[in-house]
There are 2 protein chains.
Amino acid sequence: MEAIAESSHWTYASSGVDRSAVSKALAALLESTRYRPPASHGRPVEAPGHYAGMIRVGRETLAITTDTVGTKVLLAEQMDRWEEVGEDIVGVNVNDLASVGARPIGVVDTILCSKPDPSRFGAIGRGLGRGLREAECALLGGETAVVPDIVHGVDLGGTAIGYFPRGRRPITGSRIRPGDVLLGVPSTGLHANGFTLVRRLLTESSIDLGRPRPGARSSAGEELLAPTRIYSRLADRIADRPEVHGLAHLSGGGVRNLVRLHPRVAFVLDRWPDVPPLFRWLQTMGSIPNSEMFQTFNMGIGFVIVAASQHLAETRRRLDRAGAPDAVLIGRVERGAGVRLPALGLEYEGYS
Amino acid sequence: MEAIAESSHWTYASSGVDRSAVSKALAALLESTRYRPPASHGRPVEAPGHYAGMIRVGRETLAITTDTVGTKVLLAEQMDRWEEVGEDIVGVNVNDLASVGARPIGVVDTILCSKPDPSRFGAIGRGLGRGLREAECALLGGETAVVPDIVHGVDLGGTAIGYFPRGRRPITGSRIRPGDVLLGVPSTGLHANGFTLVRRLLTESSIDLGRPRPGARSSAGEELLAPTRIYSRLADRIADRPEVHGLAHLSGGGVRNLVRLHPRVAFVLDRWPDVPPLFRWLQTMGSIPNSEMFQTFNMGIGFVIVAASQHLAETRRRLDRAGAPDAVLIGRVERGAGVRLPALGLEYEGYS
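What counts, and where the lines are drawn
- Residues numbered from 1 in each chain as written.
- Chains lettered and ligands numbered in written order.
- Predicted model: local features only at pLDDT ≥ 70, side-chain atom pairs only at ≥ 80, totals over all residues.
- Buried ≥ 20, exposed ≤ 12 C-beta atoms within 10 Å, placed from the backbone.
- Helix = DSSP H or I, 4+ residues; strand = E, 2+ residues; numbered from the N terminus.
- Pairing = 2+ DSSP bridges.
- Contact = placed C-beta atoms within 7 Å.
- Axes fitted to C-alpha atoms, helices over the stretch in contact; angles between N-to-C directions.
- Nonpolar A, V, L, I, M, F, W, Y, C, P; charged D, E, K, R; others polar.
- Least-squares fit on C-alpha atoms with pLDDT ≥ 70 in both.
- Right-handed = clockwise from strand over helix to strand, strands pointing away.

Q: Lay out the pairing of strand β2 (residues 53-57) of chain A with the relevant residues and their values.
A: Residues and elements named next belong to chain A. Summarising burial for β2: 4 of the 5 residues are buried, a large majority. One ladder, built from 3 bridges, connects strand β1 (residues 43-45) with β2; its direction is antiparallel. Looking at β2, one finds that Val-45 is bridged to Met-54. Pairing between β2 and strand β3 (residues 60-68): 5 bridges, direction antiparallel. Directly across from Val-57, in β3, lies its bridge partner Glu-60. Connecting the antiparallel pair β2 and β3 is a turn made up of 2 residues, with Gly-58 showing a positive phi of about 55°.

Shown next, in the form of C-alpha cells:
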C-alpha cells in the first residue's frame, strides 16, 4: 500500500497542494455544520464520501454537486483561451451527478474576476452553452463578482442539481459485488484535475505551450485545455438498469475514486488500456512514479461503470447507443478492499 | 430620475465596481447559454430578473440561488473574525430563496483560499452552522479549493436550493397591485453589500476598526461584520397566504430591488424609518448622496413584504409570530413605475 506522502519526487504535496492540511481544515469546518433540519425541509440521503449530496423533498429525490474548474483557468489565461474552461464549469459538476445516476436539471455558474472582459466572458459563455447542450440542462442562474482584491484573473465554478426520474434510485455502489465487471469510458485528456502539478512541470521544463509536444498535432496548450468529457447523458441512459451497480467519475484522486463506491470490495484494474501519450509525456517530464500519476490524473479513463458480469454485452450495447461506443472493459471486482493495478504493482487503500 | 453614473462624489463606479462593464460582460456570457433542455430534464419557470432560478421537475418546483459573500471577507481578514462571514454564506443565498417564497432545502458552500487554516475554517464552520440552523436547512456538500495562484486570502460563496411545499406557488410579484402595502423587516447592518465602497471609505478616513464609531458600543469592525439577517423562516411562514403579493431581499442595489418584483407599479416608500446610525456614519464619512446610499445599502430595511392592504394587521401578526415583531409599514404601491422616497426627493427607474 502506498500513502500519498510516500510517492517520491513529484507529488501533489510538493507541487503545492497539501491534501492532509486541507483535510484538517475541512474537518474543522464540518464540525459545526451537522445540523439536521426538520423533515419538512427535506430528508438528506446518507451516502458519506460520495460525489453528490442527496436529499428527498416532497415527492422527489434531488442530487447536488458543487465544484470549480480549479487552476486549469491559469492555463486558460496563459493561452487566452476560455471556451474550454467555460465548458468545464458544466463538466466538473454534472459528472459528479452522473456518478449517482442523477439526471441533470440545471447548473448555476460563479465567475470571480479581477475585471469584467466582454470578449473573455463571451468565450466562457460559448463553452458553458456547449456544456449545457451536452448535459441537456439549463443555466438556472449565476453570480459574477468583480473582486480584484480577492482574485487574480478569473475563477470559474458552479453548482449542478439533478433528480431521479420516477422509479430510479440513487446509485451509490452499495450493490457492487465480487464478480462485477468494470467498464471504462475514455477521457478527453486531463479534464480539470492535476493542474497545479502540471503547471509546475511545464514551468520547470520551460515548455512552450504554443507548440505541440512530440507526436502531437495541436499545441500543448490546446491539448491540455481540452474540455472535460461530459458523461451525464450516458449515465442517465443506463441508470435505470438494475445490473448497473456503481458509477464513478475519475476526477481528483484518479482511480482512488472507486473506493468511494464501496469500501469492502477490491477494484482490480487488470485491463487498463494504454495510457494516452499526453499523460506519459507529463510523467516523463517530472519523473513521476505511476503511483502518483494514477492518483492524480484520470490516465485515460474518465468514467467507470460497475455492472453485473452477465450483463456485460448488454451494458456495452447500451453505452454504444448512449454515445460511448469507446467504453472498454478495464477490470473486475473481487473480494477485498481498495484499488489494484496488478500490471503496475500498484495498490491503493482509501480515497484519500 | 437618477442614473447610477450621475450620483456624484462617491459612487460604486468610482469605488472600483463598474456596473455597466459588468453588465456588458454578463450579456456576452449569456448570449450562448440560452439552451432549453428537453422537458424530461425540467421545465424552467420564467421569472426574468428575479432573485432565484426556478424549475419544475417531476412533481415539484425548485428554486436555486447562488451568491458569494463578496469583499466583506476582506474586512473579516483585517479583523481576523470569520464566524460572521461564514454565516453570511447561508444568509446571502437563502434570502434570495425567501424572495420567491421558496422553503430552503439545503446549501452547498465554496471556499477558495490561499492556504487551508484549520482555526479559520473552524470559525467559518461555526458561522455556517448557525446560518443553517437559522434557515432550517442542511449543508448538502461543498468545495474547498486551495488555489494560492488565483485567490488572495479567502473567498466564500455558496448555492442554496429550495422548494415550494405542496399547494404553494412561487411569489414573483406579478399579483402586486396599486393599493398594496409595503412592510419592511429591519436589517442587522450592512449585510454583505457595498463593502468595496465601505473599505475605500474606511481606508481614506483612516478608521481604526478596533474602536467603536461615535455613539456605538462594539468596535466598528464588529459592527460592520454583523452577519446578514436570515429572512427565509419568516418568508416561509407567510408564503402560503394569498394576500402576500411580493417579497424582496434588499441586497446589492438597495431599494431598487423592488423594481424586480413588478415593472409597472410604483413603490412609494413614504414611511421609511430612521436610517440606523451606522449608515449615517458611512454617508458622512464619504459625503455620499442619499441617491447613492439607497441604491447601494439596505439603509436599515433588509426585507420587504408586499401585501394586500386589508390584510395589513393580519400580516403583521403573522410576522410577529414568525420571528419578525419588528416589521414596520414602510410604504405603499401606487400606479406608475419605479421606486420613490418622497421625503428625500429620490426616484429610481429600474433595477440597474
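Read on, since the account is not over.
Q: Break down the environment of Pro325(A) for me, with residues and values.
A: All names here are of chain A. The residue Pro-325 is located in the loop between α10 (312-321) and β11 (328-335) in this model. When the 11 C-beta atoms within 10 Å are taken as the criterion, Pro-325 is described as exposed. Through-space distance from the C-alpha of Pro-325 to that of Val-181 is 17 Å; in sequence the pair is 144 residues apart.

Q: So what about helix α2 (residues 72-79) of chain B? Which residues, and what values?
A: All names here are of chain B. When α2 is considered as a whole, its buried residues turn out to be Lys-72, Val-73, Leu-74, Leu-75 and Ala-76. Buried residues belonging to α2 abut α3 (83-98), β6 (154-163), α5 (195-204) and α6 (220-225). Just downstream of α2, Asp-80 is the residue with a positive phi angle, here 50°.

Q: Report on unusual backbone geometry, specifying residues and quantitative values.
A: Even without being a glycine, Met299(A) presents a positive backbone phi close to 55°. Among the secondary structure elements, Met299(A) is positioned in the loop between α9 (290-294) and β10 (301-307). The phi angle at His191(B) is positive, at roughly 55°, despite the residue not being glycine. Tracing the sequence through the fold places His191(B) in the loop between β7 (181-186) and α5.

Q: I'd like to hear about the sheet that holds strand β3 (residues 60-68) of chain B, residue by residue, with values.
A: Residue and element names in this part refer to chain B. Here 6 strands make up an open sheet; going across it, the order is β1-β2-β3-β6-β4-β5 and the pairing mixed. Only two strands of the sheet have a single partner each, and these edge strands are β1 (43-45) and β5 (138-146). Sheet twist, expressed as the mean angle between neighbouring strand axes with direction ignored, is 20°. Summarising the sheet, strand β4 (residues 103-113) and β6 pair through 10 bridges and their orientation is antiparallel. Along β6, the bridge assignment pairs Val-108 with Thr-159. On the sheet, α3 packs against β3, β4 and β6 and is oriented at approximately 35° with respect to β6. Against the sheet, helix α4 (residues 118-135) touches β4, β5 and β6, its axis set at about 165° to β4.

Q: Talk me through the interface of chain A and chain B; I want residue IDs and the actual numbers.
A: Facing 78 residues of chain A, the contacting portion of chain B comprises 78 residues. Those elements that place two or more of their residues in the side of chain A that touches chain B are α1 (19-30), β2, β3, α2 (72-79), β4 (103-113), α4 (118-135), β5 (138-146) and β6 (154-163) of chain A. When residues in the side of chain A that touches chain B are grouped by element, the largest group, 10 residues, is from α4(A). Class assignment of the residues belonging to the side of chain A that touches chain B gives a composition of 40 nonpolar, 23 polar and 15 charged.

Q: Could you give an account of the sheet that holds strand β8 (residues 244-249) of chain B, with specific residues and numbers?
A: All names here are of chain B. Taking strand neighbours across the sheet as the criterion, the 7 strands line up as β8-β10-β7-β11-β9-β12-β13 in an open arrangement whose pairing is mixed. Sheet topology places β8 and β13 (346-348) at the edges, where each strand pairs with a single neighbour. With strand direction ignored, the average angle separating the axes of adjacent strands in the sheet is 25°. Inspection of the sheet shows β8 paired to strand β10 (residues 301-307) by 5 bridges, in the antiparallel sense. Within β10, the residue paired with Gly-246 across the bridge is Val-306.

Q: Before we move on, could you go through the relation of the copies chain A and chain B and cite the residues and values that matter?
A: Expressed as a screw transformation, the operator carrying chain A onto chain B has a rotation angle of 180° and an axial translation of 0.0 Å, and the superposed copies differ by an RMSD of 0.0 Å. When the rotation and shift are considered jointly, the pair of chain copies conforms to a two-fold rotation axis. The C-alpha atom lying nearest the rotation axis in chain A is that of Val151(A); the distance is 2.3 Å. Of the interface residues in chain A, 99% have counterparts in chain B that sit at the interface too, so the contact is made through matching surfaces.

Q: A description of the pairing of β4(B) should follow, citing residues and the corresponding values.
A: All names here are of chain B. Across the 11 residues of β4, 11 count as buried, placing the element largely inside the fold. Where β4 lies against β5, 8 bridges are found, and the strand directions are parallel. Directly across from Ile-111, in β5, lies its bridge partner Thr-144. For the crossover that starts at β4, traverses α4 and ends in the parallel β5, the hand is right-handed.

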